[in-house]
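Spelled out, the chains give:
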Amino acid sequence: MTMVRSLDYRRASGLAAALLGTTILAGQPVYAQATSAPARSPARAATPAPAKAVPAITPPAPGEAAMPITTLTVVGSQRLEPDTILSYVKLRVGQPYTQTAADQALKDLFATELFADAQVRNDNGNVVIQVKENPVVNRIILEGNKRIKDEKILPEIKVSPRQIFTRSKVRADVARIIELYKRQGRFAATVEPKMVSLEQNRVDIVFEITEGPKSKVRQINIIGNEKFSDGDLRGEMVTKQARFTRLFSSGTSYDPDRMAFDQQKLRQFYLTEGYADFRVVSGVAELTPDKKDFIITYVVEEGERYKFGDVKVDSQLRDFDGETLAKQLPMKKGDWYNAKMVEDTIEKLNETAGAFGYAFADVRPDYDRSKDDLTMGVTFQIQEAPRVYVEKIDVNGNTLTQDKVVRREFRIAEGDAFNSLQVKRSTNRIKSLGYFQEKFEVEQKPGSAPDRIILEANVEEKPTGELQLSAGFSSIESFIFQASVQQRNFRGRGQTIGLSGSYSRYSKSIETSFTEPYVFDKNVSASVSIYRRDYNSFNFANSDRRTTYEQATTGIQFRAGVPLTEYLTAVGSYTLNYDDISLDRNQFYTDRVSAGNFRCDPLLAGRYLCEAIGKRTSSIVGLSLIYDTLDNRVRPSRGLLATVSTDFAGLGGSVKYARLRANAARYWPVGGGFIFSISGEGGVIKSLDNSGNAALGIDDVRLTDRFYLGEPQMRGFDIRGIGPRVIRKFYNDANGNGVNEDGEFSADRNDWTDDALGGKYYYQARAELEIPLGSGARELGLRPSIFADVGAVWGVRRPLTDDFKSDQFIPSRDANGIPQYTVICNGAATLVSSANGAPASDPSCVASGDGVTAAGSTIPAYREFFLGNTWKPRLAIGIGVNWNSPFGPFRIDFSKVILKQEGDDPKTFTFNVGTQF
């Protein structure tokens, strides 16, 4: 190696730095430099000459007799004993000294890799071996690595502190670092090793890394394909051509392993299309001269297309009739041959055999290929196997979770006949707990006898506690804070305990809950939750935010569940709520209708708010039937979840109604990692008393008991953004200056009063496709999806608004159609024409003795509109991303509303974030 002086290494300023070897490029072979002894080592270029000159060895003249060695001395050793160094060479006192012997001694010394330099001198038989020992490594330093962190590179480096430095080890380490960058697709990466000399014959080894750009796949060429286009075949490959549209794709980088996998994907594709003779002749990847891109070329032979010939089942198991099974197979004679269908059939036959207790049944396909008529006959051979019984069930790897929590999810017990369907169901139930790794499987191992099997649940626990925090600030809500903490495996017993709370200027809530899935170790679940929720609704008047009604709900709920079958569960519940709904007397109470009798004024609050005032108790009994075949309740990929629930309020309390709701969701894996799901739900509520009044526009189902729809159930719309509502639009001025095309109202929705009324009927459906990403994105926990949401809520009785011009509701325009202002003074409301502009406030107006204060306040003229009371669907489409971020689960959605009705409140962007512990 050539020694050079380095001035770049600041931490060793003034010290000599030596380049340990020629720069090694990614993708090029590493050549070791051979040095023929006794030539001087390259390291001597930086080694000062001895103070006293010693004559070099002079070869004897031709014919001259070799001089015997009288003395043998070692000079320059520091750590090694002289006798140890002499043991490495064959020179001995009394032996003749020759040039050949000296050369061999140097070769032997350098072969030990312990010395940076060595010389042999002969002074009339006095032989001196002068050595310079290789230094000791002080520390290893990496510079320039950004894409691969130190903790991934250092384990690959074999040279370590306190070891003897050797050039061969450093060369090998350089090659290992280069290999790491190759795996990331950075074939232009270079590594330059340097040595910084320190006192006491120590060195620091510095690997200066130039990472270079990631090598992309510029082009994929396919030669020999006639039946399918290049685009069709590239679509089957994991590796993709680098294009601007794939800027964030990990599949555009070159990977030799991925290239081999792509050849398998090509073969699988052709085999599913009937081309049984297909083969990839060659696959070559060429690196461009600038080392930035690769060009991949595949040469293929498609061959002829085959059809299925005779398809048979030859069973040696007594419980299986071959002819009967053959009739149930998905492939028929004359169909195009499909290798994937054959594989799926083998798996199905194995599952069927397992369901009858044959755990180790061996199903093998026997092919009969005819090139004359291009047919592929298949005979499925089911080999004889003994019935198997479960000898033992082992649970391993659980450090927190108790064994019984896992064992009680098994649908098969020790001593039972083996059943593969029950084992698969057990696997899904353990996955659904959410306590363990996602790719959990119950392993099957041979037992102590041929008819015995051992089932092992090798679990890997993951955090089951969840802490969700969100905070924000808005001009309307001011500071917003929400927090919840939940432990889904409390004390390792499978219990769930949670506490949640929220706070903002207009809403507060707190709730605690506890769930025991197996009461007294019986298959009965029970839960209880206690909560308090305070909600202040609001609207605007003259662009000022004001509270409309306040609802305080205190309640407790008990639930108990009993499984009726393996997949069907009945859940009963009892809920007791105490609601106190009130309006601000200063804003909404007057004696306009009856002098001296202050009450809610519909002119100020709206009839739909006045009717909600009061204190009431709700005693609700509920029953739900739940049908669940999901493979995983946390992240389902297949199965059905359906629920029908009824609630009856009236077993005591002041509220009486019956409510019916139903929902269902179905999941399918559709290949390639895609998961498609559809879900739907709907409900109806019916009052059981006569609290309504059609003449006054009062519905018999109270405002707080109705259905509402919007975020988060319907993405694309704001909270309660769908359904019946009363919108109060204010007149700008008498002349219509600066208003919209109607010449009457403010066009800014933020200036309107928007009160959602809910409905007595609703439906909602969703279709969603989860899109798989590359391995890198999967490791980050990214799961994007596209979705379509549709729904509606309707059926509320039309409330009394100023459109009726009734005696109970004074209109906000006079007989000439001129807008009026409402002036409130001491609880009395007076209408004043706005023909001359807004009336001035009267500071002399003071509070009356009843505590109702409205000191000369005025309400701008307005008009109310009842909108959205229709069953017609609202539709939104969009894309969302779930991300298991370092901060916790994160969900973001972008939506576009396709169908909406007048009055609906769309919303394009939503997100939510939490964390886990």
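Below you will find a few notes about this structure. (Residues numbered from 1 in each chain as written. Predicted model: local features only at pLDDT ≥ 70, side-chain atom pairs only at ≥ 80, totals over all residues. Heavy atoms only, no water.)

Here the focus is the overall build of the protein. When you go through the protein residue by residue, the secondary structure sums to 14 helices and 44 strands. Restricting the contact set of the protein to residue pairs at least 6 apart, pairs at least 24 apart contribute 62%. Carbon together with sulfur atoms contributes 52% to the accessible area of the protein, which is approximately 46900 Å² in total. (Helix = DSSP H or I, 4+ residues; strand = E, 2+ residues; numbered from the N terminus. Contact = heavy atoms within 4.5 Å. Areas by Shrake-Rupley, 256 points an atom, 1.4 Å probe, with all protein chains shown as cover.)

Across the sheet, three strands lie side by side as S11-S13-S12; this open sheet has mixed pairing. Whereas interior strands pair on both sides, the edge strands pair on one side only; in this sheet they are strand S11 (216-223) and strand S12 (279-287). Averaged over all neighbouring strand pairs, the angle between strand axes comes to 15 degrees, with direction disregarded. One ladder, built from eight bridges, connects S12 with strand S13 (residues 293-301); its direction is antiparallel. (Pairing = 2+ DSSP bridges. Axes fitted to C-alpha atoms, helices over the stretch in contact; angles between N-to-C directions.)

As a further point, take the sheet that holds strand S14 (residues 307-315). Spatial ordering of the open sheet is given by S14-S16-S15, a layout of three strands whose pairing is mixed. In this open sheet, the two edge strands, each paired with only one partner strand, are S14 and strand S15 (363-370). Strand-to-strand twist of the sheet, defined as the mean angle between neighbouring strand axes without regard to direction, takes the value 15 degrees. Bridging between S14 and strand S16 (residues 375-382) involves seven bridges; their strand directions are parallel. Across the sheet, the residue bridging to phenylalanine 308 is methionine 376, located in S16. The sheet strands contacting helix H8 (residues 339-355) are S14, S15 and S16, and the helix crosses S15 at an angle near 150 degrees.

Another point: the nonpolar core. Core analysis: the largest hydrophobic core is formed by 25 residues, its most contacted members being Phe308, Val313, Met331, Tyr337, Val342 and Phe380. If near-sequence neighbours (up to four positions away) are discounted, valine 313 is found in contact with Gly322, Leu325, Ala326, Leu329, Phe380 and Ile382. (Core = buried A, V, L, I, M, F, W, Y, C linked by side-chain atoms within 4.5 Å. Buried < 20%, exposed > 50% of the residue type's maximum accessible area, 1.4 Å probe, protein only.)

What follows concerns the pairing of strand S18 (residues 442-446). The pairing of S18 with strand S19 (residues 452-458) spans five bridges and is antiparallel. Looking at the pairing, glutamine 444 lines up with leucine 455 of S19. Hairpin connection from S18 to S19: five residues lie between these consecutive antiparallel strands.

Okay, the environment of arginine 139 next. Mapping arginine 139 onto the fold places it in strand S8 (residues 136-143). On a C-alpha basis, the gap between arginine 139 and aspartate 204 in space is 5.2 Å, while along the polypeptide they are 65 residues apart. Within the local environment of arginine 139, its side chain forms a polar contact with the side chain of aspartate 204, the two groups lying 3.1 Å apart. (Polar contact = N/O pair within 3.5 Å; in protein donor to acceptor, adjacent residues only side chain to side chain.)

Across its 17 residues, helix H4 (residues 167-183) extends 25 Å between first and last C-alpha, which sits within 8% of the 24 Å expected from 1.5 Å per residue. Residues of H4 that are buried: Arg167, Val170, Arg171, Asp173, Val174, Ile177, Ile178, Leu180 and Tyr181. One or two residues past the end of H4 sits glycine 185, with phi positive at roughly 85 degrees. (Expected span 1.5 Å × (residues − 1).)

This model, assessed by the stated rule, comprises 36 salt bridges. Its salt-bridge partner being glutamate 409, residue arginine 429 comes within 3.0 Å of it at the nearest N-O pair. With a gap of 20 residues between them, arginine 429 in helix H10 (residues 420-432) and glutamate 409 in the loop between helix H9 (403-407) and H10 connect regions that are remote in the sequence. Using a relative accessible area of 12% as the deciding quantity, one classes arginine 429 as buried. On the basis of relative accessible area, glutamate 409 is assigned to the buried category, the value being 5%. One salt-bridge network, held together by shared partners, links Glu409, Arg411, Arg425, Arg429 and Glu566. (Salt bridge = Lys/Arg side-chain N within 4 Å of Asp/Glu carboxyl O.)

Relative to the elements of secondary structure, arginine 408 occurs in the loop between H9 and H10. As a buried residue without a salt bridge, arginine 408 has its nearest oppositely charged side chain in aspartate 521, at a separation of 4.3 Å. Each residue touching arginine 408, except ones within four places of it in the same chain, is listed here: Arg493, Gly494, Pro517, Tyr518 and Asp521. (Lys, Arg positive; Asp, Glu negative; His and termini not counted.)

Attention now moves to unusual backbone geometry. With phi around 75 degrees, arginine 162 is a residue other than glycine that occupies positive phi space. Tracing the chain through its elements places arginine 162 in the loop between helix H3 (150-153) and H4. Look at arginine 162 and you get exposed, because its relative accessible area is 75%. At aspartate 521, a residue that is not glycine, the phi angle is positive and equals roughly 60 degrees. Structurally, aspartate 521 is set in the loop between strand S23 (507-516) and strand S24 (525-541).

Right, let's get into the packing of aromatic side chains. The geometry of two aromatic rings is summed up by the distance between their centres and the angle between their planes. Under the criterion given, the structure shown has 15 aromatic pairs. With centroids separated by 6.0 Å and ring planes inclined at 20 degrees, the aromatic side chains of tryptophan 668 and phenylalanine 676 adopt a geometry described as stacked. With relative accessibility at 31%, the residue tryptophan 668 sits in the partly exposed group. By relative accessible area, phenylalanine 676 is classed as partly exposed at 29%. Counting every residue linked through ring pairs, the aromatic cluster contains Phe228, Phe269, Tyr270, Tyr275 and Phe278. One cation-aromatic arrangement involves arginine 533 over tyrosine 531; the distance from NZ or CZ to the ring centre is 4.1 Å. (Phe/Tyr/Trp six-rings, centres within 6.5 Å; stacked < 30°, edge-to-face > 60°. Lys NZ or Arg CZ within 6 Å of the ring centre and 35° of its normal.)

Turning to a nonpolar patch on the surface, a few remarks are in order. On the surface, Val621, Phe648, Leu651 and Leu688 cluster together into a nonpolar patch covering about 350 Å² of accessible area. A relative accessible area of 39% places phenylalanine 648 in the partly exposed class. (Patch = residues over 30% accessible without salt bridge, like charges linked within 9 Å, V, L, I, M, F, W, Y side chains within 5 Å.)

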